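Each chain, letter by letter, is given below.
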Amino acid sequence: MAGPLEGLRVLELAHERTAFAGKLLADAGADLRLLEPPGGCAQRSHAPFAGDRPDPERSLSFWHYNTSKRGITLDLAAPRGVELARELIARVDVVLEGEDPGRLTALGVDAGEELARHPELVWVSITPFGRSAPRSAEPATDLTLLASGGPVWSCGYDDHALPPVRGGGNQAYHTGAHYAVQALLVALLERERSGHGQLVDVNIHAACNVTTEVATYEWLVARGTVQRQTGRHASVARSSPAQVRCADGRYANTGVPPRSPEEFGRLRQWLLDLGLAEEYPEIFLLEMGMNRGPIDIARIGHDTEVTAIFGAGRDALVLIASRLPAVDFFRQAQERGLPVGVIYSPEELLDDAHFQARGFPVEVDHPDLGRALIYPGAPYRFLHTPWRIARRAPRLGEHNAEIYGELSLGPEALSALRARRVL
């Protein structure tokens, strides 16, 4: 089944800033051509490697981020490479790049000039601080962008003697990639209306700064500074602990306690079903919650009755968790419509029935290995929009003959370009 972006032609200049955006487009059906330097992009050197054998063709990071793409090589520092790059650009709808501002122009590939030559082109640039920002002497990394953009401030533990914690998984680059894809789709809709493309300038730092939940807005509106908390939302006012140790020693997160009369009723019944009612003398507070309107979170800490009822819901969840294994606590709560979560290890996550039912673990065939491997699936699931990983990540220059064939370059011409190290 064709994806929603079938027919969209994208040229991606390989870079770790663009890799996830390119993957989102390619797995949604776009014909994405990944352009790498002749020696391969830096991401091919990222560990871990399949079978613990360091090899540019075995990087799990490269495999993950470059599914469904076709791969070519080209040296943009060579004059002939620049000529070929312009020919490739002329044959696509979208250019996706993450180079430091000014680098491509210095090489002879200028976004403004290409947009003037091809008014229907959409050029997407993903950079640390936007294309107009002066180049910094210090490199911007996923870590520094997360820290300076704000998300790191909100991540960590109640004990502030411990430093903030950076979330793993290239979250700054992913945040920029999501904004890039959203902006690109809007630009494509505008092109359908007007016939004109445009430059999409994505500032990763700014994208991170507006992805801090309430932290940025709390400061802008009220000059309040949120504080990081263990396993729960950063907040100006400290909230009750949410992570609890279960009967088997594992941890679960109690999430947001009951707030509606129906939720208080289900929690009370759960205590009765487990025979714990007599061990919880505050069960009358749950009954009060059943017989009043929904809890207004804004009144917690200001209204004694609201605070007591809300706290009783949390305490009841903690008691139940202490008597059940973590997975049982999680599943029984979910069955009752109470939003709690078990804390999994990464390998346990792939075996979770919920993730499997949503098709998150998917097999990707690797003919060169003689077997299929399990990959993370779609980051979101739509009811009527097909998504699939069409192929494994490309080997270096795997599709040179296919794609350069579109430029009427045959085997002899490609061989000559390889000899000159243009490809």
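Higher on the page you've got the structure.
Bear in mind the structure is a predicted one, so any value in this text is a computation, not a measurement.

Draft legend 1. Representation of the nonpolar core within the structure. Val10, Leu25, Val94, Val122, Val124 and Ile126 are the most contacted members of the largest nonpolar core, which has 46 residues in total. Ranked by residue count, the leading element in this core is helix α7 (residues 171-194), at eight residues. Sequence-distant contacts of Val122, defined by excluding residues within four places in its chain, comprise Asp93, Val94, Val95, Leu184, Ala187, Leu188, Gly197, Gln198 and Val200. Within the second largest apolar cluster, 31 residues are counted, among which are Val244, Ile295, Ala312 and Ala333.

Draft legend 2. Examining the sheet that holds strand β10 (residues 251-253) more closely. Spatial ordering of the open sheet is given by β9-β10-β11, a layout of three strands whose pairing is antiparallel. Of all the strands in the sheet, just β9 (243-245) and β11 (341-342) have a single pairing partner and so form its edges. In the sheet, β10 pairs with β11 via two bridges, with the strands oriented antiparallel. When the bridges of β11 are listed, Ala252 appears paired with Val342.

Draft legend 3. Layout of the side chain of Arg228. Relative to the assigned elements, Arg228 resides in strand β7 (residues 227-229). Buried and unpaired, Arg228 has no salt bridge, with Asp159 as the nearest side chain of opposite charge at 7.9 Å. Here the side chain of Arg228 touches Leu162 through a polar contact of 3.2 Å, landing on its backbone oxygen. Every residue in contact with Arg228, bar those within four places of it in the chain, is listed here: Trp153, Ser154, Cys155, Gly156, Tyr157, Asp158, His160, Leu162, Pro163, Pro164 and Ala234.

Draft legend 4. Main features of unusual backbone geometry. The linkage connecting Ala47 with the following residue, Pro48, adopts the cis geometry, with an omega of 0°. Take Pro48: it is sitting in the loop between β2 (31-36) and α2 (60-65). Phi is positive for Arg223, which is not a glycine, with a value near 55°. Summarising the element assignment, Arg223 is placed in the loop between α9 (215-222) and β7. For Arg223, a relative accessible area of 53% corresponds to the exposed category.

Draft legend 5. The sheet that holds β2, seen in detail. Pairing within the open sheet is parallel, and its six strands lie in the order β3-β2-β1-β4-β5-β6. The open sheet has two edge strands, β3 (70-73) and β6 (199-203), and neither has a second partner. For this sheet, the mean angle separating the axes of adjacent strands, direction not counted, is 20°. Summarising the sheet, strand β5 (residues 122-127) and β6 pair through five bridges and their orientation is parallel. Directly across from Trp123, in β6, lies its bridge partner Leu199. Sheet contacts for α7: β4 (94-97), β5 and β6; angle to β5, the most-contacted strand, approximately 165°.

Draft legend 6. Representation of the packing of helix α10 (residues 261-273) against helix α12 (residues 304-323). One can describe the packing of α10 onto α12 by two numbers: an axis separation of 11 Å at closest approach and a directional angle of 35°. Seen from above, α10 lies across α12 with left-handed handedness. For the pair formed by α10 and α12, the contact residues are Phe264, Leu267, Trp270 and Leu271 on the first element and Ile309, Gly313, Ala316, Leu317, Leu319 and Ile320 on the second. A class-by-class count of the residues in the contact of α10 with α12 yields nine nonpolar, one polar and no charged.

Draft legend 7. The packing of aromatic side chains, seen in detail. Evaluation of the coordinates by the stated rule reveals four aromatic pairs. Centroid distance Phe355 to Phe360: 5.1 Å. Interplanar angle 70°. Geometry classified as edge-to-face. You can call Phe360 partly exposed: its relative accessible area is 22%. Geometrically, the ring pair formed by Tyr380 and Phe382 is tilted, given 5.3 Å between the ring centres and 40° between the ring planes. Judged by relative accessible area, which is 35%, Tyr380 ranks as partly exposed.

Draft legend 8. Geometry of a nonpolar patch on the surface. There is a patch of nonpolar side chains on the surface, built from Tyr179, Val210, Tyr217, Trp219, Leu220 and Val221 and spanning about 630 Å² of accessible area. Examining the composition of the nonpolar patch, we find that four residues originate from one element, α9, more than from any other. Along the chain, Val221 falls in helix α9.

Draft legend 9. Quick look at the pattern of salt bridges. Per the counting criterion, the structure on display carries 32 salt bridges. Residues Arg9 and Asp93 are paired through a salt bridge, measuring 3.2 Å at the closest nitrogen-oxygen approach. Of this pair, Arg9 sits in strand β1 (residues 9-13) while Asp93 sits in the loop between α3 (79-89) and β4, and the two are 84 residues apart along the sequence. A residue is classified by how much of its surface remains accessible, and Arg9, at 32% relative accessible area, is partly exposed.

Definitions and cut-offs
Residues numbered from 1 in each chain as written. Predicted model: local features only at pLDDT ≥ 70, side-chain atom pairs only at ≥ 80, totals over all residues. Heavy atoms only, no water. Core = buried A, V, L, I, M, F, W, Y, C linked by side-chain atoms within 4.5 Å. Buried < 20%, exposed > 50% of the residue type's maximum accessible area, 1.4 Å probe, protein only. Helix = DSSP H or I, 4+ residues; strand = E, 2+ residues; numbered from the N terminus. Contact = heavy atoms within 4.5 Å. Pairing = 2+ DSSP bridges. Lys, Arg positive; Asp, Glu negative; His and termini not counted. Salt bridge = Lys/Arg side-chain N within 4 Å of Asp/Glu carboxyl O. Polar contact = N/O pair within 3.5 Å; in protein donor to acceptor, adjacent residues only side chain to side chain. Axes fitted to C-alpha atoms, helices over the stretch in contact; angles between N-to-C directions. Left-handed = near helix turned anticlockwise from the far one by under 90°. Nonpolar A, V, L, I, M, F, W, Y, C, P; charged D, E, K, R; others polar. Phe/Tyr/Trp six-rings, centres within 6.5 Å; stacked < 30°, edge-to-face > 60°. Patch = residues over 30% accessible without salt bridge, like charges linked within 9 Å, V, L, I, M, F, W, Y side chains within 5 Å. Areas by Shrake-Rupley, 256 points an atom, 1.4 Å probe, with all protein chains shown as cover.

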